[in-house]
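Now for the letters of each chain:
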Amino acid sequence: MKSSSTIHQLAELADISEELLQKALKTAEAGGKIEPSAYDLDPSNYAAYTSSDSYRGSEHEGTSQLDYDILTYMSRVPVISSILQTRINQIAEFCIPQEDQFKAGYVIRLRDKTKEPTDEEKKEMQTLTQWIETCGEGYKFGGAWDFESFVRMIIRDSLIYDQACFEIIKNRGGAIIGFIPVDASTIRRASVTEEEKKTGHRDWVDSAFIQVINGKRVATFDNDQLAFCIRRPRTNIVSRGYGFPELEELVKVVTHLVNAETYNASNFTNGIHANSILAIKSKMNPQLFRAFKREFYANLSGPAQAKRTPIIQLDPESQEEIESVNLGATAEEMGYKDWLGYLTKVACSVYQIDPAELGFVFGTEGQTGALTQQGPGARIQASKDKGLYPLLRSVQNWINRHIIHQVNDKYELRFMGLDAETEKEALASDIQRVSNYMTINEIRAKHGLEEIEGGDVILNQAYITALGMSQQQAQEQQAPQGQEDDGDNYGQEEEQEEGNETQDEQEPDQEAGAGEEVAKSMGTKKFSIEI
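Anyway, here's the lowdown on the structure attached to this text. (Residues numbered from 1 in each chain as written. Predicted model: local features only at pLDDT ≥ 70, side-chain atom pairs only at ≥ 80, totals over all residues. Heavy atoms only, no water.)

**Looking at the pairing of strand β10 (residues 411-416)**
Successive side chains on a regular strand alternate, one facing one side of the sheet and the next facing the other.
Alright, step 1. Burial within β10 is extensive, with 5 of its 6 residues counted as buried.
Alright, step 2. Judged from the 6 bridges that link them, strand β1 (residues 105-110) and β10 form a sheet pairing that is antiparallel. Counterpart to R109 in the pairing with β10 is E412. (Buried < 20%, exposed > 50% of the residue type's maximum accessible area, 1.4 Å probe, protein only. Helix = DSSP H or I, 4+ residues; strand = E, 2+ residues; numbered from the N terminus. Pairing = 2+ DSSP bridges.)

Okay, structure coming up:
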């Protein structure tokens, strides 16, 4: 008979088994889906998730109530526009197939860098390169007509909204046949469902994005149909998966830039202050004085009635006087130049670009010296390292993730020529190599040239001297052995010399006999003269 403790233990095991079975059944019902424990939604923030997909406003939901249209207008301020266009033009240089190692461009290569591509893989890479050049069949659907225009479009959207979107076009079999850019200001993340609010997680399998025009939903996209690319991601739940536009950080700066330009422009157009006051000491009657004022303004007013001069009548007998007071401040007094320079530098720093790339060199920053900073050339290169290269990597990753790896995951797109040497620099580098650690034939093999005789040598004076000394020592070590060999062969050489002398004595007799035979055949007599 079983004890009560044993029965109790069996009951506990039964409860535990039942609980495990219930969990397994729930997992099976959910399709075995595994989700992280951390929430990516704030269930208590109802205001953020009450919007419906049937109507959405133009607000950028990842910003502090900024509108997409406002961000667009801010991007048209001259300083901001210059920053955007500079970066777009720089990236466009990499959007054509690379012609040689000295030029910028893109290449399709194997992801496995240790593997040498076969002839078949080289053909596939060439085909994929040409396919990317025309955006697949995307050029047939309008928008971008080549890869360069495609990148220009999505980079502009990214720099304005931190949101770049493009649609991935597939055939009925699910294969990618092309890609086209989409206006990022019309794309929104789909509304949060009640189930997602309960779980605290977004479901990206079903409808993930919608397109909104005039507040109404016009299209729905799954996660694999539309690329929603963020350049400056955040973990902040309030951002709802949207990017962090630089222009959100620059709201005050852009406002100050606009106000400063407006203030200065008004001084050159309408004017806002009078420069001086005209005092007339005369006892003319008021009617005549008013007529004088009308005549004066008709002849001496500035353009568009700018900075009109006030006129006042004084009585000379009453000793009335008026003092001219300057009513307008100069640009230097307001620090106008320094203020605009400061705002420009702040805008450039947020976009990770040096003002020298835009053509703004402030003060003595362009001068170089032993004790001063580097010139604009070095600063521009540092600016590219800081801002351009990360931007290129972002575009490269977007293309690989959403297009190249979906077409064939063996390959990847890479922007080349970021630090490309010129031909002169490459030649100088080869000269340094052949002068230190590479042979002439190794350098020739690097450039696909045939080896030359005597080319297995490093053109380094110390190396050549050491090599010559080594060869000389080897010859000196072989010299004693060579002398012993000469002694052993001395008798043989004497015998050979005696044989040669005998042969030389026989040769004149043979030549004389041959001469007699020739004379007989010619019918002539032979004469000999002895001296």
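What follows continues from the structure just given.
**Details of a nonpolar patch on the surface**
Alright, step 1. A cluster of nonpolar side chains, L459, Y463, I464 and L467, forms an exposed patch at the surface whose accessible area comes to about 320 Å².
Alright, step 2. Among the secondary structure elements, L467 is positioned in helix α16 (residues 461-488).
Alright, step 3. L467 gets classed as partly exposed once you look at its relative accessible area, which sits at 34%. (Patch = residues over 30% accessible without salt bridge, like charges linked within 9 Å, V, L, I, M, F, W, Y side chains within 5 Å. Areas by Shrake-Rupley, 256 points an atom, 1.4 Å probe, with all protein chains shown as cover. Salt bridge = Lys/Arg side-chain N within 4 Å of Asp/Glu carboxyl O.)

**Some points on the packing of aromatic side chains**
Alright, step 1. Scanning the model with the defined rule gives 10 aromatic pairs in all.
Alright, step 2. Where F150 meets F166, the ring centres are 5.4 Å apart and the plane angle is 75 degrees; that geometry is what we call edge-to-face. Taken together, the positions of F150 in helix α6 (residues 147-161) and F166 in strand β2 (residues 164-170) put the pair 16 residues apart, joining distant regions of the chain. As far as burial versus exposure is concerned, F150 and F166 are alike and both buried.
Alright, step 3. With a centroid separation of 5.9 Å and an interplanar angle of 80 degrees, the aromatic rings of F228 and Y242 are classed as edge-to-face. Here the residue F228 occupies a position in strand β7 (residues 226-229), and Y242 occupies one in the loop between β7 and α8 (246-249), the gap between them amounting to 14 residues.
Alright, step 4. Of the residues examined, F228 reaches a relative accessible area of 10% and is grouped as buried.
Alright, step 5. Through a chain of ring-to-ring contacts, three or more aromatic side chains come together here, namely Y106, W131, F147, F150, F166 and F179. (Phe/Tyr/Trp six-rings, centres within 6.5 Å; stacked < 30°, edge-to-face > 60°.)

**A few points about helix α5 (residues 119-133)**
Alright, step 1. Here α5 spans 21 Å end to end across 15 residues, near enough to the 21 Å set by a 1.5 Å rise per residue.
Alright, step 2. If you check which residues of α5 are buried, you get E121, M125, L128, T129 and I132. For α5, the buried positions fall inside an angular range of 105 degrees around the axis, keeping them on one side. Every exposed residue of α5 that faces more than 90 degrees away from the buried side is listed here: D119, K123 and T127.
Alright, step 3. Just beyond α5, the residue with positive phi is C135, at close to 60 degrees. (Expected span 1.5 Å × (residues − 1). Arc of directions from axis to C-beta.)

**A closer look at the pattern of salt bridges**
Alright, step 1. In the structure shown here, the tally under the stated rule is 14 salt bridges.
Alright, step 2. For E121, the salt bridge identified is with K115, shortest N-O distance 3.2 Å.
Alright, step 3. E121 gets classed as buried once you look at its relative accessible area, which sits at 5%.
Alright, step 4. Judged by its relative accessible area of 41%, K115 is partly exposed.
Alright, step 5. One network of salt bridges, in which partners are shared, links R109, K113, E412 and R414.

**Here's the deal with the side chain of T86**
Alright, step 1. Relative to the helices and strands, T86 is located in helix α4 (residues 78-92).
Alright, step 2. A relative accessible area of 18% places T86 in the buried class.
Alright, step 3. In contact with T86, other than residues within four places in its own chain, are I353, E357 and L358. (Contact = heavy atoms within 4.5 Å.)

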